[in-house]
Amino acid sequence: MKLWDKGKNTDREIETFTVGDDYLTDQKLLLWDCIASIAHAMMLETKNIISENELKKIKSALLEIINLDKQGKFIIKQEHEDCHTEIENFLTEKLGETGKKIHTARSRNDQIMAALKLYMKNEIIETIGICLDLSEGLVFIGEKNNVIMPGYTHMR
């Protein structure tokens, strides 16, 4: 079920246009949305908004989503709207009212921004690692072949 569903049928062509390929990006955000949701659930428990038992259930279900995603079994499709909706649908189906509590004291924009920031930080760390590997490789090749690599500016 879509969060914005009001019981009226939406023209499939309009839905396809508005969603576009966003669902592919949402598949990449899934892990990070689950991690942010676990942190949020922990905060809810510390503020006595959810019980310790509810936290355990929510955390377990979110870890299940992460594991299913790693196995390629939690697929975000175009008709699902986005990963945030699919996560909530999974939690609600599995945990009932407890699953709905994951959005307490958190707007959808908060949820999206947390997932995007975590995803981007991870991508930056991976990119830095790749650049370091490249640098080490260039130094190794230079030392092995006793070659100094010239560095020309765009003016030469």
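On a predicted model such as this, the values are computed, not experimentally measured, just so you know.

Student: What am I meant to see in the pattern of salt bridges here?
Tutor: Opposite charge on two side chains permits them to pair, given that their charged atoms come into close proximity. In the structure shown here, the tally under the stated rule is five salt bridges. Residue K56 is joined to E52 by a salt bridge in which the shortest nitrogen-to-oxygen separation is 3.8 Å. Within this pair, K56 and its partner E52 are both found in helix α3 (residues 52-70), separated by four residues, close to a single helical turn. In this structure K56 comes out as exposed when scored by relative accessible area, which is 53%. Accessibility expressed as a relative area gives 49% for E52, which makes it partly exposed. Of the charged contacts in the structure, one is a salt bridge between E54 and K101, with a shortest N-O distance of 2.6 Å. You can see E54 sitting in helix α3 and its partner K101 sitting in the loop between α5 (97-100) and α6 (108-144), a full 47 residues away along the chain. A residue is classified by how much of its surface remains accessible, and K101, at 27% relative accessible area, is partly exposed.

Student: How should I be thinking about the packing of helix α2 (residues 22-46) against helix α4 (residues 83-95) in this particular structure?
Tutor: Think of two packed helices as two axes; the pair is described by the angle between the axes and how far apart they sit. Direction vectors running N to C along α2 and α4 enclose 50 degrees, while the axes themselves pass 9 Å from each other. Considered as vectors, α2 and α4 are oriented oblique to each other. Where α2 crosses over α4, the two elements pack in a sense that is right-handed. Of the residues in α4, those touching α2 at D26, L29, L30, D33 and C34 are C83, H84 and I87. Residues of the contact of α2 with α4, tallied by class, amount to five nonpolar, one polar and two charged.

Student: Looking at this structure, I do not really get the nonpolar core. What am I missing?
Tutor: One recurring pattern in soluble globular proteins is that nonpolar side chains are buried together. Formed by 23 residues in total, the largest nonpolar core has its most connected members in L30, L62, I65 and I87. Listed by contribution, the elements that provide at least two residues to this core are α2, α3, α4 and α6. Element by element, the count of residues in this core is highest for α2, at seven residues. Each residue touching I65, except ones within four places of it in the same chain, is listed here: L30, C34, F74, I87 and F90.

About the cut-offs
- Residues numbered from 1 in each chain as written.
- Predicted model: local features only at pLDDT ≥ 70, side-chain atom pairs only at ≥ 80, totals over all residues.
- Heavy atoms only, no water.
- Salt bridge = Lys/Arg side-chain N within 4 Å of Asp/Glu carboxyl O.
- Helix = DSSP H or I, 4+ residues; strand = E, 2+ residues; numbered from the N terminus.
- Buried < 20%, exposed > 50% of the residue type's maximum accessible area, 1.4 Å probe, protein only.
- Axes fitted to C-alpha atoms, helices over the stretch in contact; angles between N-to-C directions.
- Parallel < 35°, antiparallel > 145°, perpendicular 65-115°, else oblique.
- Left-handed = near helix turned anticlockwise from the far one by under 90°.
- Contact = heavy atoms within 4.5 Å.
- Nonpolar A, V, L, I, M, F, W, Y, C, P; charged D, E, K, R; others polar.
- Core = buried A, V, L, I, M, F, W, Y, C linked by side-chain atoms within 4.5 Å.

Spatial relationships are all this shows, so hold off on functional conclusions.
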